[in-house]
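Structural description and commentary
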Amino acid sequence: MKILVMGAGKMGSFFIDLLSFEHEVAVYEKDARRLRFTYNCERFTSLDEIKVFAPQLVINAVTVKYTISAFEEVMPILPKDCIISDIASVKTNLKEFYEQSGHPYVSTHPMFGPTFANLSKLTEENAIIISEGDYMGRIFFKDLYRKLGLNIYEYTFEEHDKTVAYSLSIPFVSTFVFAAVMQHQDAPGTTFKRHMNIAKGVLSEDDYLLQEVLFNPYTHDQVTQIRVELKHLLEIIDHKDAEGMKKYLTKVRKNVNYVK
């Protein structure tokens, strides 16, 4: 299959490496400096090159802020039967865009990302394939993710957004609160250092991505739960309620499947 990957960032490069030995792969990247680290693929910096290549599948791996605008740039020169796809973690407005695009489409979300995951060992990681879209496109990504050993889940766009609100907004907000109140430690403990590493990883993400995850319409209720739990915990602390603390720790251990 002739596959065009848009964007030669971390995830774009990952897909190029993954696909280039079994497919005819090209990458479109406006910043030519990023193309220095790509290999075994054709490297494009102009739309004319894409038109000649005539891809059968486009994988849009640009920064989430530019997902739709990147599609709009290349669609006029794509073959009509070319499948367009994204791997964005935020699907805002994508369903509406795809439905009026005139192209078959498939939308997926590799839930591992390059910040924390070991890209050479993904058997404990997950991927979401949106159930709305082109059947053959979904089969392609299902086979691809299965070869990586990923746990695959099929959700609608709405179900995906609800899942992201839970799985990303809670750790993001918890990390922000930690970073907002933290102070320099000359001799930090192991737990502090681990939280610090997580905070640095999360805060290295694109600002627009962090914003859109938190602006997800389903995020508010998730963050409200954090506020409720903090209020409850603070009451236990203020009253030095040993029995209440025991019950609270039992509850949270159960939530993380930890048995002491």
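For the chain, the name recorded in an unreviewed UniProt entry is Putative prephenate dehydrogenase, with Hallella bergensis DSM 17361 as its organism.

Right, let's get into the pattern of salt bridges. Taken as a whole and assessed by the stated rule, the structure comprises 11 salt bridges. One salt bridge connects Glu 73 with Lys 30, and the closest N-O pair in it is separated by 3.2 Å. Taken together, the positions of Glu 73 in helix H3 (residues 67–74) and Lys 30 in the loop between strand E2 (24–28) and strand E3 (42–44) put the pair 43 residues apart, joining distant regions of the chain. By relative accessible area, Glu 73 is classed as partly exposed at 27%. Salt-bridge contacts for Lys 91 lead to Asp 86; the nearest nitrogen and oxygen are separated by 2.6 Å. With respect to burial, Lys 91 and Asp 86 carry one shared label: buried.

This next bit is on the domain arrangement of the chain. Here the domain parsing of the chain yields domain 1 (2–155) and domain 2 (167–257). Inter-centroid distance (C-alpha atoms) of domain 1 to domain 2 is 32 Å. The interface of domain 1 with domain 2 comprises 9 residues on the first partner and 12 residues on the second. With both sides pooled, the region where domain 1 packs onto domain 2 buries about 760 Å², and carbon together with sulfur makes up 75% of that total. Taken together, domain 1 and domain 2 are joined by 0 salt bridges. In this structure, the connection of domain 1 to domain 2 is made through 0 residue pairs in polar contact (both at pLDDT 80 or more). Tallied by class, residues from the side of domain 1 that touches domain 2 come to 4 nonpolar, 4 polar and 1 charged.

Attention shifts here to the sheet that holds strand E4 (residues 57–60). Taken together, 8 strands build an open sheet; the order of strands is E3-E2-E1-E4-E5-E6-E7-E8 and the sheet is mixed. The strands lining the two open edges of the sheet, one partner per strand, are E3 and strand E8 (151–155). Between one strand and the next, the sheet's axes are offset by a mean angle of 20°, whatever the strand orientation. Here strand E1 (residues 2–6) runs beside E4; their pairing, made up of 4 bridges, is parallel. Opposite Ile 3, over in E4, you have Leu 57 as the bridge partner. Of the strands in this sheet, strand E6 (105–110), strand E7 (126–130) and E8 touch helix H7 (residues 157–167), which is tilted by about 125° from E8.

Burial along strand E5 (residues 83–86) is two-sided: the residues Ile 83 and Ser 85 and Ile 84 and Asp 86 are all buried. Here E4 pairs with E5 via 4 bridges, running parallel. Among the inter-strand pairings, Asn 60 is bridged to a residue of E5, identified as Asp 86. Pairing of E5 with E6, which is carried by 3 bridges, proceeds in the parallel orientation. Within E6, the residue paired with Asp 86 across the bridge is Ser 107. Each parallel crossover has a hand, and for E5 linked through helix H4 (residues 94–101) to E6 it is right-handed.

With that settled, consider the side chain of Glu 212. With respect to the element layout, Glu 212 can be found in helix H10 (residues 207–214). Comment: no salt bridge for buried Glu 212; closest opposite-charge side chain is Lys 65, at 9.3 Å. Look past the residues within four positions of Glu 212 in its chain and what remains in contact with it is Val 90 and Thr 92.

Now for a negative patch on the surface. Together, Glu 24, Glu 42, Asp 48 and Glu 49 give the surface a local cluster of negative charge. For Asp 48, the location among the structural elements is in helix H2 (residues 47–53). Asp 48 sits in the exposed class, given a relative accessible area of 61%.

What counts, and at which threshold
- Residues numbered from 1 in each chain as written.
- Predicted model: local features only at pLDDT ≥ 70, side-chain atom pairs only at ≥ 80, totals over all residues.
- Heavy atoms only, no water.
- Salt bridge = Lys/Arg side-chain N within 4 Å of Asp/Glu carboxyl O.
- Helix = DSSP H or I, 4+ residues; strand = E, 2+ residues; numbered from the N terminus.
- Buried < 20%, exposed > 50% of the residue type's maximum accessible area, 1.4 Å probe, protein only.
- Domains from an automatic or database assignment.
- Contact = heavy atoms within 4.5 Å.
- Buried area = accessible area lost by both parts, 1.4 Å probe.
- Polar contact = N/O pair within 3.5 Å; in protein donor to acceptor, adjacent residues only side chain to side chain.
- Nonpolar A, V, L, I, M, F, W, Y, C, P; charged D, E, K, R; others polar.
- Pairing = 2+ DSSP bridges.
- Axes fitted to C-alpha atoms, helices over the stretch in contact; angles between N-to-C directions.
- Right-handed = clockwise from strand over helix to strand, strands pointing away.
- Lys, Arg positive; Asp, Glu negative; His and termini not counted.
- Patch = residues over 30% accessible without salt bridge, like charges linked within 9 Å, V, L, I, M, F, W, Y side chains within 5 Å.
- Areas by Shrake-Rupley, 256 points an atom, 1.4 Å probe, with all protein chains shown as cover.
- Charge placed at Lys NZ, Arg CZ, Asp CG, Glu CD.

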